[in-house]
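# Close look at the chain arrangement
Below, each chain spelled out in residue letters.
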Amino acid sequence: MPLQQALLQPLQGADLDELLPIEAAAYSHPWTRGNFIDSLSAGYLAFVWRDDAAQLQAYYLAMAVVDELHLLNFTVHPQRQGQGLGRAMLSHLVAQARARACSKVWLEVRQSNARARTLYARNGFVELGLRRGYYPAVDGREDAVLMALALEDSHGLD
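Residues numbered from 1 in each chain as written. Predicted model: local features only at pLDDT ≥ 70, side-chain atom pairs only at ≥ 80, totals over all residues. Heavy atoms only, no water.

An unreviewed UniProt entry annotates the protein as [Ribosomal protein bS18]-alanine N-acetyltransferase of Roseateles rivi. Its UniProt record, at the heading Subcellular location (unreviewed entry), says of the protein: "Cytoplasm". Under the heading Catalytic activity (unreviewed entry), UniProt records this for the protein: "N-terminal L-alanyl-[ribosomal protein bS18] + acetyl-CoA = N-terminal N(alpha)-acetyl-L-alanyl-[ribosomal protein bS18] + CoA + H(+)". (UniProt positions renumbered as here; feature names shortened; annotations may be inferred.)

What follows covers the pairing of strand S7 (residues 140–150). Where a strand is regular, its side chains alternate between the two sheet faces. Most of S7 sits out of view: eight of its 11 residues are buried. Pairing between strand S5 (residues 104–110) and S7: seven bridges, direction antiparallel. Bridged to leucine 107 within S7 is methionine 147. Judged from the eight bridges that link them, strand S6 (residues 126–137) and S7 form a sheet pairing that is antiparallel. Bridge pairing in S7 places glycine 129 opposite leucine 146. Where S6 folds back onto S7 in an antiparallel hairpin, the turn is made up of two residues. (Buried < 20%, exposed > 50% of the residue type's maximum accessible area, 1.4 Å probe, protein only. Helix = DSSP H or I, 4+ residues; strand = E, 2+ residues; numbered from the N terminus. Pairing = 2+ DSSP bridges.)

The UniProt entry lists Asn113 under the feature "binding site: acetyl-CoA" (unreviewed entry), expressed in the numbering used here. Assignment of secondary structure puts asparagine 113 in the loop between S5 and helix H4 (114–122). The partly exposed category is assigned to asparagine 113, whose relative accessible area is 29%.

If you want it as C-alpha cells, here you go:
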C-alpha cells in the first residue's frame, strides 16, 4: 500500500489527544504523553499517517544517532494492522534514514510480538540479540529482540 504523501505529516503536539488512545489500545504498557512530548522536544524524527477521513491511523518516532537511526515507537492502529500500512510506514522510515545518510536502522521489539517481528524480518531487518528484561510486562519484565537493517547494502523497502 503506497502512502499518499499528503496524508503523511510530521507528528505535532496537537496530535497527541488523538494518538494516545491508539497507543493505549495497541500496548499493555503504552508511552505516556510525557514520553511523546519529550521526544518531540528533543527533535526526534516523528510522522503520523491519516486516512482519507483525516483520522490518525499510524505513527513512528525515531532518534538519529551519528549515522544511525533508532526506531523508538512504531504503531499502527490495531484495527488497521495487517492491511499493509505497517510496511508502508516502515518504507517511509527507511527512506528518511537514507535521506539522512544513515547506515543502519535499529529497533527493539517485544520477544512475544511475533507479528511485528515478522513484519521487520520480511523487510530486511535481522535479529542480532536480546535485551534481557527490557520491557515492562504484566508479570515482571519481557526481553526485547534487537533488530537492525543495514542500509548501505539493503535492497529491502526500496
